[in-house]
Each structure stands twice: as C-alpha cells, then as structure tokens.
Amino acid sequence: MHDISCGKALRERLLGEAGSPDPPSPALVARIADEIARHCGHRLLKCRRIAQGWTVAQAVQAAHNLIDAEGLGPFGLSERSWKDWESGVLPSPDYQDLLCRLLATNPVALGFARDYSPSATDGGAPLLGEGSDDETLPTGPATRTRAGSATFTEVEATKRRDAVKLAGLALATPAAAAQILDQAAAEAMEFTRQAEASALGSGTLDHLDLAVTEFNHAYSLKSPAAVFDALLDYRRKTDALLKGRHTHRQERELLALAGWMSELLAWLAHDLGDARTGLAFATDAFVHAQQAGHGQLCAWAMDAAASINLYEQRPDRARQAALKGLTEAPRDHPLAVRLHAQEARAAAADGDAEGFHTAYRAAQDVYQYLPPRTPTRFGMNVLPLADYALTSYPATSCVWLGQADAARQHAERALATYESAPAAARSPSREAIARIDLALAHAQLGDPDDAVALGHQALGSDRVVDSVLGRASDLTAYLARRYPRSAAVEGLREKLTAAKTTRPADPAALPGA
C-alpha cells in the first residue's frame with residue numbers, strides 16, 4: 001500500500017491530462033479513484049476521497065453540508081467514523097446511502113457491496129443493472145459495522161445472495177418456483193432469529209436505567225469527584241455492551257443510556273473545573289442521542305455545552321449551543337425555557353443587551369404556555385430548572401450588563417425560588433451563585449458590607465464547585481477594585497483562596513479516569 005502522496009500525485013496527473021476541469025466530472029473522479037486503487041492499494045472509499053481531493057475533515061464537512069442542504073435525517077458523522085470506514089468497518093445502510101449521495105456513486109464502487117451480476121461473457125442477463133443503486137449485497141460473512149458507537153451484525157452474505165434468486169421467480173417453472181419459495185421461508189426464519197439474537201442479559205438494561213437514575217439523584221448531593229469516578233466506570237461498561245451482540249431495539253436503548261451518562265459526566269467535569277472534558281462528554285452525549293433518535297437528550301447535551309462555554313468566556317459558542325439545543329427540544333418542555341434563557345445569558349455575556357431581552361422574552365413566552373403537568377427527568381420534576389433559569393440567569397445577565405437594580409431583583413427572586421424548593425430539588429451550587437449575583441448587585445449599588453456578607457454565605461455552601469469559585473473570583477476582584485483598602489474585602493478574598501486549595505480533584509486525576 002502506497003503513501004497517500006502517491007494517490008495525490010496520480011490525481012494531479014490525471015486531472016492535468018483531462019484539461020484540469022474545475023470541478024472534475026463524477027466520471028473523471030471515478031476513473032481517478034480506480035487508478036489509485038489499482039496502483040496504490042487503498043480501500044475504495046479512501047481512493048474515492050483522494051480522487052475528490054479531500055482530507056478526511058473536508059469529506060466530513062462536505063457530508064454535513066449535504067445533510068443540511070437536503071434536509072436529511074439526523075447523522076452523528078465524525079472524522080473517527082470516516083476513518084473506521086476507510087479501514088474496513090462497514091457503515092450502516094443509512095450511512096452507506098449518505099456516502100453514495102455525497103460521492104455520486106453506488107455501494108459497489110465504494111467497497112460496501114459486491115456485484116454478482118453475470119458478465120456479458122457469461123452469456124446471461126444480469127439480475128441487476130450495472131451501477132444500479134440496488135447493488136447492496138454485503139461483501140463478507142457476519143461483518144460487524146459501526147457508525148460512531150452504533151453496532152449491529154449482518155446476516156451471512158451467502159444467505160442474502162440466495163434471497164436475490166427471488167428476482168428470477170417470475171421466469172421459473174412452477175416446480176422451481178415452489179422450491180425457491182420454500183427456501184425463502186427458511187431465509188425469513190433465519191433473518192428473524194438473527195434480529196432477535198442478543199448477548200445482553202434480561203436485566204442488563206433495567207440495571208443500567210436504575211444506575212443512571214441514581215446518579216442523577218446523587219448529582220447535587222454527593223462529591224462531584226466521587227460521582228464522576230463511579231459514573232465513568234458505568235459509561236465504559238456501556239460502551240463495551242454497545243460493541244457486543246444485541247438487537248436493534250436494545251442498541252437504541254444502550255445508545256440513549258450512554259448519552260445520558262455522558263451528559264451527566266459533562267456537568268460533573270464542569271463542576272470539577274475541566275471544561276475540555278466537559279465539552280467532550282457533551283458532544284459525546286449529543287452524538288449518541290442522535291444515533292438513538294432521542295431529540296430531547298440532544299437538547300440536554302447542548303444545555304450542558306452552553307453553560308460550559310459560557311464559563312469559559314466563549315459566549316458565541318454558548319449561544320450556538322443553546323440554539324442547536326432549541327432545534328431538538330420539545331416546544332412545550334421546561335428545557336425549551338432553559339435553553340432560551342441560556343441564549344439570553346450568552347447574549348448578555350457578549351454585551352448584547354437587545355439580544356438578551358429578546359431571548360429572555362422568548363423564555364417567558366414558552367414558560368407561560370407550559371402544560372399543567374410538567375415532565376420528569378429520572379423521576380424528578382424538571383419545572384424547577386425552568387424556574388431557576390428565569391430568575392438566576394437574568395440576575396447574572398443584568399450584573400454583566402451593569403443593570404444593578406434589575407440584577408438585585410432577579411437575584412432575590414432566584415434565592416426565594418431555591419429556598420422554597422423541596423429538599424430533593426435543592427441545588428446548593430446554583431443557590432450559591434444566586435447569592436454571588438446578589439452580592440455583585442449590592443456592590444454595584446454601593447453596598448460593600450452586604451456584598452461581603454453574601455460572598456461569605458456563598459463560599460460556605462455545601463457544594464462549592466468550580467463555577468461557584470469562578471463567580472466568587474469575579475466578586476472579590478470587583479470589590480477589590482472599588483474598595484482597595486477594605487479589610488472585609490481582604491477577608492473574603494482569603495476565604496476564597498482557602499476554598500480553592502480544597503477544591504475537588506481534576507477529572508484527569510481521578511482513579512481510573
């Protein structure tokens with residue numbers, strides 16, 4: 001197998017001989033790909049990509065552009081998936097169709113199938129026309145395929161080929177037709193057996209669902225480091241199950257469970273101060289949710305991504321994540337309220353007061369028309385999350401926009417909302433941030449004593465995570481600038497320094513991480 005530079009050189013030579021058309025015709029690209037395959041020995045999909053003149057990243061981007069332009073279904077296409085396919089992993093039928101659309105060809109030309117049509121020299125009429133889109137017979141027995149994390153097992157290729165004999169049924173004699181139909185009945189039974197085959201134990205999915213429920217309940221009550229470590233172990237085990245043998249229904253459930261675990265891992269990594277890990281898990285949650293066809297989970301993943309990007313001072317990306325989540329969230333769900341509020345907070349962080357007010361009004365409008373009975377998330381009512389977003393997020397936003405009096409009012413309502421919530425729905429870290437927002441509002445209004453007192457209360461929370469420490473740093477920095485000789489401010493800064501020295505461990509340093 002030659003280096004990729006050899007294939008690129010062949011492409012340039014053949015393009016030159018053809019007069020360097022821009023863009024080259026599909027027929028010319030196909031001829032170049034055939035020459036690269038013959039001369040360099042790469043698999044056909046890679047040859048077609050090189051012939052097109054794309055890197056893997058460019059090919060993936062072109063695919064996403066096609067998906068957007070033609071309004072195709074949700075796809076979790078990544079560079080990792082593409083590289084897997086080029087190395088011999090067979091894409092699922094949906095991804096085969098996408099790649100054939102993208103490269104203007106058929107599965108045979110990309111190495112996904114084999115053409116068993118008799119050639120002209122065999123003296124027989126082909127069952128399928130040359131280059132037909134129906135040439136989808138698999139190339140080998142029991143091939144494991146993967147698109148992202150999705151896996152499934154194909155029925156043996158020989159059985160599929162036998163089934164194609166039905167195409168000649170109309171031309172067969174009555175006795176031959178009966179034999180073909182008898183064989184087809186046996187084929188159908190085998191297809192059913194394969195579809196129901198699974199290595200998962202009867203209680204595995206129930207156990208995983210219960211585990212995810214327990215981890216969600218533990219999120220605000222236990223140490224983020226401890227929960228992260230235990231949940232990551234379950235996430236790895238779920239990934240191993242996805243690579244095993246299971247039915248399509250079980251696969252969708254496993255994908256959704258893996259997505260829920262990664263969504264919670266994203267928040268835990270954020271709490272532990274590792275934005276890179278948090279965003280990686282948020283992306284993983286979104287991709288697995290797409291593969292499972294779980295739009296609401298996609299939206300939850302983007303909610304996490306919005307918050308993490310915001311605390312990393314990337315308001316433009318936070319806004320994009322919130323908008324991406326809104327395309328997936330049910331319109332009448334508290335999550336839609338939260339995502340509009342995320343968009344508003346990101347606009348405020350970017351200094352866009354008009355954008356803040358527009359998005360905040362949208363959040364209020366959605367909230368007004370929520371159904372009487374709101375949904376739950378793993379047994380917990382999610383309406384408080386909308387209540388928090390409508391009070392706490394605008395408090396932070398008004399602080400950033402310099403609207404101190406409005407910030408004070410929103411922060412006071414946020415604290416009242418948090419304090420009146422049932423014990424199971426309380427969030428000490430969000431409550432601490434609301435106290436910091438109220439402290440900043442008091443500081444902007446010229447009341448440093450109340451600001452310092454609220455800062456001490458926030459740092460005395462049961463759950464001082466990284467986001468709390470970050471906002472407390474904003475508070476002490478602001479107070480130090482306005483009141484540089486205040487002993488009370490210096491005392492608050494010393495308490496913050498002590499809290500930072502006892503912060504939870506970084507996820508990368510956790511046992512087994």
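Please refer to the structure placed before this passage.
Residues numbered from 1 in each chain as written. Predicted model: local features only at pLDDT ≥ 70, side-chain atom pairs only at ≥ 80, totals over all residues. Heavy atoms only, no water.

> Could you give an account of helix α2 (residues 26-40), with specific residues and numbers?
Given a rise of 1.5 Å per residue, 15 residues ought to cover 21 Å, and the 20 Å separating the end C-alpha atoms of α2 matches this to within 8%. Among the residues of α2, those classed as buried are L28, V29, A30, I32, A33, I36 and C40. One or two positions beyond α2, positive phi appears at G41, with a value near 85°. (Helix = DSSP H or I, 4+ residues; strand = E, 2+ residues; numbered from the N terminus. Expected span 1.5 Å × (residues − 1). Buried < 20%, exposed > 50% of the residue type's maximum accessible area, 1.4 Å probe, protein only.)

> Any details on the nonpolar core? Residues and values, ideally.
Soluble globular proteins tend to bury their nonpolar side chains together. If you look at the biggest cluster of nonpolar residues, it comprises 109 residues, and the most contacted ones within it are F228 and L479. Per-element tally for this core: the top contributor is helix α11 (residues 248-271), with 13 residues. With 22 residues, the next largest nonpolar core counts V60, V89, L98 and L99 among its residues. (Core = buried A, V, L, I, M, F, W, Y, C linked by side-chain atoms within 4.5 Å.)

> Got a sec to walk through the packing of aromatic side chains? Specific residues and values, please.
The full count for this structure, using the stated rule, is 7 aromatic pairs. Each ring, one from F356 and one from Y360, has its centre 5.8 Å from the other, and the planes form 10°; the classification is stacked. With F356 and Y360 both in helix α16 (residues 353-368) and 4 residues apart, this pair spans about one turn of that helix. The exposure classification of F356 matches that of Y360, with both residues buried. One aromatic cluster in this structure is built from W82, W85 and Y95. A cation sits over an aromatic face here: R377 above W300, 4.7 Å from the ring centre. (Phe/Tyr/Trp six-rings, centres within 6.5 Å; stacked < 30°, edge-to-face > 60°. Lys NZ or Arg CZ within 6 Å of the ring centre and 35° of its normal.)

> Give me the environment of V489: which residues, what numbers.
Following the sequence through the fold, V489 ends up in helix α22 (residues 487-501). The exposure class assigned to V489 is buried, which follows from its relative accessible area of 4%. As for V489 and A477, which are separated by 12 residues in sequence, their C-alpha atoms are 9.4 Å apart. Contact partners of V489, with chain neighbours within four places excluded, come to V452, T476, L479, A480 and Y483. (Contact = heavy atoms within 4.5 Å.)

> Hey, could you go over the environment of H42 for me, with residue numbers and the actual values?
Positionally, H42 belongs in the loop between α2 and α3 (44-52). Judged by its relative accessible area of 6%, H42 falls in the buried class. For the pair H42 and H2, spaced 40 residues apart in sequence, the C-alpha to C-alpha distance is 7.8 Å.

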